[in-house]
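Okay, here's what each chain looks like letter by letter:
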Amino acid sequence: MQKEKKKSTISNSVKAYSDYGNFIRNKFGERVQKISINVGFTCPNRDGSKGRGGCTYCNNQSFKPDYCEPQNDIGEQLKKGIDFFSQKRNINKFLAYFQSYTNTYAELDLIKDLYLKALSYPGVVGLVIGTRPDCISEELIEFLSELSKKYFICLELGVESTLDRSLEAVNRCHTFAETQEAYKMASNKGIYLGAHLILGLPGESRDEMLQHAVELSKLPIDFLKLHQLQIVKHTVMASQYRRNPEKFNLFEIEDYLDLLTHFIGLLRPDVVLERFISESPSDLLIAPKWGLKNFEMMHLIEKKIAKENMWQGKFYKELKSDSLS
Ligand code: SF4
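Treat the numbers as computed from the prediction; the structure is a model and nothing was measured.

A. Layout of the overall build of the chain. When helices and strands are tallied, the chain shows twelve helices and nine strands. Taking 2.2 N^0.38 as the reference for a compact globule, 325 residues should give roughly 20 Å; the C-alpha atoms of the chain span a radius of gyration of 19 Å, in line with that estimate. With respect to the principal axes defined by its C-alpha atoms, the chain has extents near 50 × 45 × 40 Å. Taken across its 325 residues, the chain has 53% of its residues classed as buried. Within the chain, counting contacts between residues at least 6 apart in sequence, those at least 24 apart form 80% of the total. About 15,000 Å² of surface is accessible on the chain, with carbon and sulfur atoms providing 50% of the total. Charge separation in the chain, taken as the distance between the mean sites of 44 positive and 42 negative side-chain charges, equals 4 Å.

B. Region of the structure containing a positive patch on the surface. There is a patch of like positive charges on the surface, built from Arg-25, Arg-31, Lys-88 and Arg-89. Along the chain, Arg-31 turns up in the loop between helix H2 (20-28) and strand S1 (32-37). On the basis of relative accessible area, Arg-31 is assigned to the partly exposed category, the value being 41%.

C. Spatial organisation of helix H5 (residues 138-147). All of the buried residues along H5 are Leu-140, Ile-141, Phe-143, Leu-144, Ser-145 and Leu-147. In this structure, the buried residues of H5 make contact with helix H4 (108-119), strand S3 (124-131), strand S4 (152-160) and helix H7 (176-186).

D. Expanded view of the sheet that holds strand S6 (residues 223-228). Strand order in the open sheet formed by seven strands is S1-S2-S3-S4-S5-S6-S8, and the pairing between neighbours is parallel. Looking along the sheet, the strands with just one partner apiece sit at the ends: S1 and strand S8 (272-275). Between one strand axis and the next, the sheet turns by 25° as a mean value, whatever way the strands run. As paired strands, S1 and strand S2 (residues 93-98) are joined by six bridges and run parallel to one another. What sits directly across from Ile-37, in S2, is Phe-98. Each of S1, S2 and S3 touches helix H3 (residues 74-88); the most contacted strand, S1, lies at about 140° to it. Strands in contact with H4 are S2 and S3; relative to S3, the strand with the most contacts, it is inclined by about 145°.

E. Spatial organisation of the pairing of S4. In terms of residue burial, S4 counts as a mostly covered element, since nine of its nine residues are buried. Both faces of S4 are covered, namely the face carrying Phe-152, Cys-154, Glu-156, Gly-158 and Glu-160 and the face carrying Ile-153, Leu-155, Leu-157 and Val-159. Here six bridges tie S3 to S4, and the two strands are oriented parallel to one another. Directly across from Thr-131, in S4, lies its bridge partner Leu-157. Viewed along the sheet, the connection from S3 through H5 into S4 turns out right-handed.

F. Seen up close, the packing of H4 against H5. Where H4 contacts H5, the axes come no closer than 11 Å and their chain directions differ by 20°. Classified by the angle between their axes, H4 and H5 sit roughly parallel to one another. In this structure, H4 crosses over H5, and the sense of that crossing is right-handed. For the pair H4 and H5, contact is made by Leu-108, Ile-111, Lys-112, Tyr-115, Leu-116 and Leu-119 and by Glu-139, Leu-140, Phe-143, Leu-144 and Leu-147, respectively. Tallied by class, the residues present in the contact of H4 with H5 amount to nine nonpolar, no polar and two charged.

G. Layout of the packing of aromatic side chains. Summed over the entire model, instances satisfying the criterion amount to 15 aromatic pairs. Between Phe-23 and Tyr-192, the ring centres sit 5.8 Å apart and the planes meet at 70°, which makes this aromatic pair edge-to-face. You can see Phe-23 sitting in helix H2 and its partner Tyr-192 sitting in strand S5 (residues 192-199), a full 169 residues away along the chain. Of the two residues examined, Phe-23 and Tyr-192, each falls in the buried class. Where Phe-84 meets Phe-85, the ring centres are 5.0 Å apart and the plane angle is 85°; that geometry is what we call edge-to-face.

Each value, and the rule that gives it
Residues numbered from 1 in each chain as written. Predicted model: local features only at pLDDT ≥ 70, side-chain atom pairs only at ≥ 80, totals over all residues. Heavy atoms only, no water. Helix = DSSP H or I, 4+ residues; strand = E, 2+ residues; numbered from the N terminus. Rg over C-alpha atoms; globule rule 2.2 N^0.38 Å. Buried < 20%, exposed > 50% of the residue type's maximum accessible area, 1.4 Å probe, protein only. Contact = heavy atoms within 4.5 Å. Areas by Shrake-Rupley, 256 points an atom, 1.4 Å probe, with all protein chains shown as cover. Lys, Arg positive; Asp, Glu negative; His and termini not counted. Charge placed at Lys NZ, Arg CZ, Asp CG, Glu CD. Patch = residues over 30% accessible without salt bridge, like charges linked within 9 Å, V, L, I, M, F, W, Y side chains within 5 Å. Salt bridge = Lys/Arg side-chain N within 4 Å of Asp/Glu carboxyl O. Pairing = 2+ DSSP bridges. Axes fitted to C-alpha atoms, helices over the stretch in contact; angles between N-to-C directions. Right-handed = clockwise from strand over helix to strand, strands pointing away. Parallel < 35°, antiparallel > 145°, perpendicular 65-115°, else oblique. Left-handed = near helix turned anticlockwise from the far one by under 90°. Nonpolar A, V, L, I, M, F, W, Y, C, P; charged D, E, K, R; others polar. Phe/Tyr/Trp six-rings, centres within 6.5 Å; stacked < 30°, edge-to-face > 60°.

Take a look at the structure:
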């Protein structure tokens, strides 16, 4: 099945933005649950091949569910995850979500074996693979392209910023040009392409953050996850924040809602928005502490979008012709 054909299932529904839940329901005809998997890989900016210490904001414990332990094999992790969600709801289809660390950073044969194991588990209809832009290869893309003829395959790249100075400041150890190159390599191969972006990295102005929407809109992405910057315990950034809090400009809720609303207005209308906020566990989160549940935040976002009479892509054309200042 070609990507163009797959993309026809993306729907805006009645929301003012392209919503991931609607997209999934339109594509599969029912709810599909992601099951996180941790295969115990590392990252090139942790193991010394490019750098040490990882990204300054990163604590992988902050997004790892309890059922997801690398010492358990994939089948065991999937079983635990599927049992966990099946107790709550009647769900029959699942996506194996290779989430922790860099899930393409290993020997290709090992990677292939792990992906195929996940796809052979009953009920698993596809893969979502989180990785870095500098950790994909032509061989990997060809393999995923083959899989995409039969399964839903999504490659989710950590973009985090379109500004090299920010990428350098947070020790990403890759440039935005490498991100652009990675998307070019993976586009038109039947693979869904996702992006992950952090809003509020130190030193980025409001205009620069809005410009991320313009730059991301030029990439061949299908999905976008947005997160506000969070300071999480046991990270390099937590120490930096303790020493120099004045260098951080963490969002108040109202400011974040305002930024998001304008960001959505600048974004290409067909990019499906998968997330707007992060939710680190409260025992790991240092700041900002908004104290809102995800559904409460979503309610505020939708209220703000309606109040501002905003919709996704409202300003997209103007930006294409550089007429918006
Ligand atoms: S954010 Fe991703 S690339 Fe960076 S250290 Fe964490 S897992 Fe590795």
